[in-house]
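Structural features, examined
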Amino acid sequence: MFFGVLAGFVWTIAKVALPLMARQGIHRGIELDEPNALRNWTIGIVVVALISGLCTGMRRYLAFGVAYRVETDLRLKMFAHLQRLHFAFHDQSQTGQLMSRAATDLQQIQGFIVMIPITFSNLLTIVLVAIVVMVINLKLALLALAPLPFLNYMANRFSKRIHPVAMELQQELAGVSTSVEETVTGIRVVKGFGAERVQSARMKETAARVFDRAVYAGRVRAGFMPLLDFIPALGILAVVWYGGHEVLNGRLSVADIAGFLLYVNMLVFPLRLTGQLVSQGQRAVAAAQRIEEILVTEPAIVNKANAVSLPPGNGDVVFDNVSFGYSREAERAVLENLSLTIHAGEAVALVGPTGCGKTTVARLLPRFYEVDGGSITVDGVDIRDVKLNELRTAIGIVFEDTFLFGDTVAANIAFADPEATQERIEAAAALAGAHEFISELPNGYSTEIGERGFSLSGGQRQRIALARAILADPRVLILDDATSSVDPTKEHEIRDALKTVMKGRTTIVIAHRPATIALADRVVLLDEGRIIAEGTHVELLRTSSRYREVLAQAEGAAA
Amino acid sequence: MWSSHGVDEEDRLKKGETGNLLRRALRMLRPYRGQVVLCVTVLLLWTLATVAGPFAIRYGVDQGLANHNGAALNRAAVGFAISAVAVLILSRAQILLVNRIGESFLRDMRERVFDHLMHMSLGFYDSQQTGKLVARMTSDIDSLQELVQQGLIAFVTSGLLLIVTITALMFISPVLALLCLASLPLVLIASVQFQRSSNRAYLVVRERIGQTLSTFQESLSGVRVIQAFGREAANETRFAHHNQEQLDAYAYAVKISALYFPVVELAGNFALAIVVGIGGSFVHSNAITLGTIIAFVLYLQNLFDPVQQLSQLFNMLQSAGAALNKLFGVLDTQSPVQERQAAVDLPDHGNLEAVDLTFGYSEAGPKVLSHVNLVVKPGERLALVGPTGAGKSTLAKLLSRMYDPLDGSVRYGGVDLRDASFASMRERFTVVPQEGYLFQGTILDNVRLARPSATDDEVAAAMARIGVLEHFIGMEDGLHTEVRERGSRFSAGERQLVSLARAALADSEILVLDEATSSLDPGTEVEVEVALTKLMEGKTVIVIAHRLSTAERADMVAVVDAGGIVEMGTHADLVRRTGAYAALFGSWSGQAAS
């Protein structure tokens, strides 16, 4: 950092010194022809040139180095923070938006940080040059430099004008991208309904909009860019004309003219860049604010100050008078005074129509959300008092929408414990009924899956997710609709697997297929956030008309 | 700052290709011939005007200052002013022209490539990766766009400036010019080297950025799983690793530029030393004038800056060239299914027949279907059943000419589909794919896809006819509800309903349906069933059945297995026959019972 500043400082002085030395060389060596002057000044130029060359490389390397490091650190900080933010935050944010914080916003900041040392060097250049030319000839200096502030002003205006246009153009381009992507993805629809011409016509409109914006951007550029070149030319004109007459009057040397010309040119870029700096700074500040917004969001669910370890146990779960709503403004709470005891080793099925709150029950237990009222205990301890990490390790969950990582099958199964041996991984897979198909994959357990890897069917993904949960060997297992996307002809396979897994383990099963429900020891029927009936599958079939209704609806879907 | 483009080795243009590419690009510019000629003229004038400035100054120094001639000095000042104004006007015109021509070219390119993609048959899409096709229309055209918006003018003017400046220097004083240019070869070598290494470095940077961002995105999408398993810290370590790798890649790229830039700066300053030192001794020996020294000092700035600019722009130009090459590649790809020169319209009604139909994805490869014969009479419903991969979908695709057969033919009312006009094919056939896919826009827009000329009322009427109007009219914005906003708001069943509504609006003679395999949400499942039944009324239907109920309701069932039809008849017949269908029926009904 210190060397960067030093290098920048030396470089700036060397840069400003060079024209001065050239002027001296021309004046004393050529015009006045003093002995040895030409040789000495020439050697001087070479030496200063070498110093400047050395420093320019260093300052560049160090300036960018610092800026990239800041960007990298910020990205990691953001990542770590997002990882720990509660479910409710992620429910409300769009991945795309967060991604643009991580990519574009960070880049804005990085671009601005790079500008800081450059700007210091530029300001120093401007000051030094102004002093030097004023010492040489004040009147000419004022004349030559007079147009230059406009350069700064115009560069600032240009930057302000072009930015929104460029953003609009980007937006239109993103429109092209969306439209192409959906057309290609939906090509079967386009072909099936003969909609080729409709899509082509749409693209024509989109392309016309891009054209329009791009031509407009060109017009803005055409309005400013040539002007930015023209303004310094006015300074040069002043030097040549007025300065020339000063030479004729004997008040100035030709070498001074040369020096002035070089200095006017030298100021062009510093002034242009500092002109752009203002709007670039504004954008960077806006970007920083957006990132700050994320960083100041406190994780809502954290360890208590004196959090305890989960005592040993077999997974006794008690929901005591639990109330919960996803937002305070919601008219109706999702769960109202729900009490439910699940004994160690028991398997309970939660059944109910869509929106009855069964998934919410599953998500409160690992403390993904905090209850509004009442309490939940696992093996006698309130989950809010337990160390979060221990709680979540003790509770395994298979989500409805199975998310797998872009990694090997083995790594996905061993997610809870990357150190797990191949035997443990295979055992978990076998329990989940996944071993057979995994063995048939091109690279077996080493097959890469996910976006850029092998694509699995919904049922296969669910079975891997189940294996992942099993490998963690949780006290309590939650299966949230874990068989929903399994092909009906394959469902019995996974059902057998479930039976083995559930043996002797506290399990909460959310399901609507009767065959899966039948696996549970007890069925709890939920409706509108309350328990309305409890009993075995057979009992409820006999006693509860609502239960029969709910099942019939699900049945209708499966037929 | 500098170009952040990287060009893969495999994308690099071969020697002959560049010329070819330019010729084709110029051919596409033919409609804008007048503008192009004007643009080239403006460019040349601009270059002359730019170089004229220092000439005027030299004149002023030599004729005005050296000879103590005030009038000559004034002339020089006027000359300089004129050249500056000319540059102002000409560069304005030049930016406008280059931009307009370039953007017109890009607009045409977008339309042509997209139109071409739309004309490609399904066979083409089955053999291509979606991502690559999208990249043609997005990142490839975008890199051309960037060139047009930012690079092209700089590239052309830098090149011209370099040439004209060297010419001017040689004209004023060949000896001093050669001395100044002595370091140019060194700068050129350094530039080529820089261009190569920075290209490589930026390929790595690009890859690492991709890696970091995809890890970031994955961790956001999977954040619930990560928290559920308490893997936050471990995942952070993994990300930190990628993040650091990205930083390292950047640091390396910066290092390369930090080594290159001093070379250019040094060469410029050495040239300055040469002009002053050696040029000065030439002035003493009266070989050159003081004005020449001043002009040289000014010209030097036009000498090395363009080299630096060019070396940076070169990468941009290369990746644009590679992109253009790929785009022309798409335009050169012929669709496997083509409309004949003298195509005829299909008759309004008739039997749909397959005659000795044989198909494989390649001439030499294994046959997916061989010697299939079948007849579907107007108004008849044929269900295709059979195990996965047996050829049901392929048969359906051949019957609707998504593919052309290798041998045999498909005929409608006696006309071979290969002789039919595309327009009449579109009118007679509607293919409803397995999954309801929605495009951006409202429900109305999505249904209207099947018949763009339909009014809102016609769309609503079609929806009412199959009983789905009710479902959507109740939504907040009714049929004007945006389908894509706020994520995937529409359930699979609802998407299916929209898809069926499209088919209802198309109202064509023949419906080819691919039934969804997975079960839908309980609520809409029933609605889909009802809509399907109404939709099929009075139509000739070919349905790929995955459900027993669908097969049961068909007039005819064809069991497809091992590339042929192994059984065909009514449901009742086939069940009695105790063949393949009876076995399938057995497993189906057993499953429903469990």
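Computed from a prediction, not measured in an experiment: that's the story for all the values here. (Residues numbered from 1 in each chain as written. Chains lettered and ligands numbered in written order. Predicted model: local features only at pLDDT ≥ 70, side-chain atom pairs only at ≥ 80, totals over all residues.)

**Here's the deal with the overall build of chain A**
For chain A, the helix and strand inventory stands at 19 helices and 10 strands. In terms of overall size, chain A is more extended than a compact globule, its C-alpha atoms giving a radius of gyration of 36 Å where 559 residues would be expected to give roughly 24 Å. Expressed along its principal axes, the backbone C-alpha trace of chain A runs to roughly 120 × 60 × 50 Å. For chain A, the residues scored as buried account for 45% of the 559 residues in total. In chain A, of all internal contacts separated by at least 6 residues, the share reaching a separation of at least 24 is 78%. (Helix = DSSP H or I, 4+ residues; strand = E, 2+ residues; numbered from the N terminus. Rg over C-alpha atoms; globule rule 2.2 N^0.38 Å. Buried ≥ 20, exposed ≤ 12 C-beta atoms within 10 Å, placed from the backbone. Contact = placed C-beta atoms within 7 Å.)

**Some points on the interface of chain B and chain A**
Taken residue by residue, the interface counts 116 residues in chain B and 116 residues in chain A. A total of 29 residues in the side of chain B that touches chain A trace back to one element, the largest contributor, which is helix 9 (residues 232-284) of chain B. Of the residues contributing to the side of chain B that touches chain A, the split by class is 63 nonpolar, 34 polar and 19 charged. (Nonpolar A, V, L, I, M, F, W, Y, C, P; charged D, E, K, R; others polar.)

**Here we look at the confidence of the model for chain A**
Chain-level pLDDT for chain A is 87 on average; 95% of the residues reach the 70-or-more range. Per-element mean pLDDT across chain A ranges from 71 in helix 19 (residues 545-558) of chain A up to 94 in strand 5 (residues 381-382) of chain A. (pLDDT = per-residue confidence, 0-100.)

**With respect to the sheet that holds strand 8 (residues 506-510) of chain A**
In any sheet, the strands associate via hydrogen bonds between backbone groups, in a parallel or an antiparallel arrangement. Residues and elements named next belong to chain A. Strand order in the open sheet formed by 6 strands is 6-7-8-3-9-10, and the pairing between neighbours is mixed. On the outer flanks of this sheet lie strand 6 (395-398) and strand 10 (530-535), each paired with one strand and no other. Within this sheet the neighbouring strands show an average axis-to-axis angle of 20°, counted without direction. As defined by bridge partners, strand 3 (residues 347-351) adjoins strand 9 (residues 522-527) across 4 bridges and the pair is classed as parallel. Pairing of Val348 across the sheet is with Arg522, part of strand 9. (Pairing = 2+ DSSP bridges. Axes fitted to C-alpha atoms, helices over the stretch in contact; angles between N-to-C directions.)

**Things to note about the sheet that holds strand 5 of chain A**
Residues and elements named next belong to chain A. With respect to topology, 4 strands assemble into an open sheet ordered 2-1-4-5, the strand pairing being antiparallel. The open sheet has two free edges, formed respectively by strand 2 (335-342) and strand 5, since each of these has just one partner strand. Strand direction decides the pairing type here: strand 1 (residues 317-324) and strand 4 (residues 373-378), joined by 5 bridges, are antiparallel. Within strand 4, the position partnered with Val317 by the bridge is Val378.

**As for the environment of Arg546 of chain A**
All names here are of chain A. For Arg546, the position within the fold is in helix 19. Taking the C-alpha atoms as reference points, Arg546 and Ala533, separated by 13 residues in sequence, lie 8.9 Å from one another. Setting aside residues up to four positions removed in sequence, Arg546 forms contacts with Leu525, Asp527, Ile532 and Ala533.

**Some words on the nonpolar core**
Residue and element names in this part refer to chain B. Grouped together as the largest cluster of nonpolar side chains are 331 residues, with contacts concentrated most on Val275, Ile294, Val297, Leu384, Leu500 and Ala501. It is helix 9 that provides the largest number of residues to this core, a total of 21 residues. The contact partners of Val275, leaving out residues within four places of it in the chain, are Leu176, Cys180, Ile293, Phe296, Val297 and Leu300. (Core = buried A, V, L, I, M, F, W, Y, C linked by C-beta atoms within 7 Å.)

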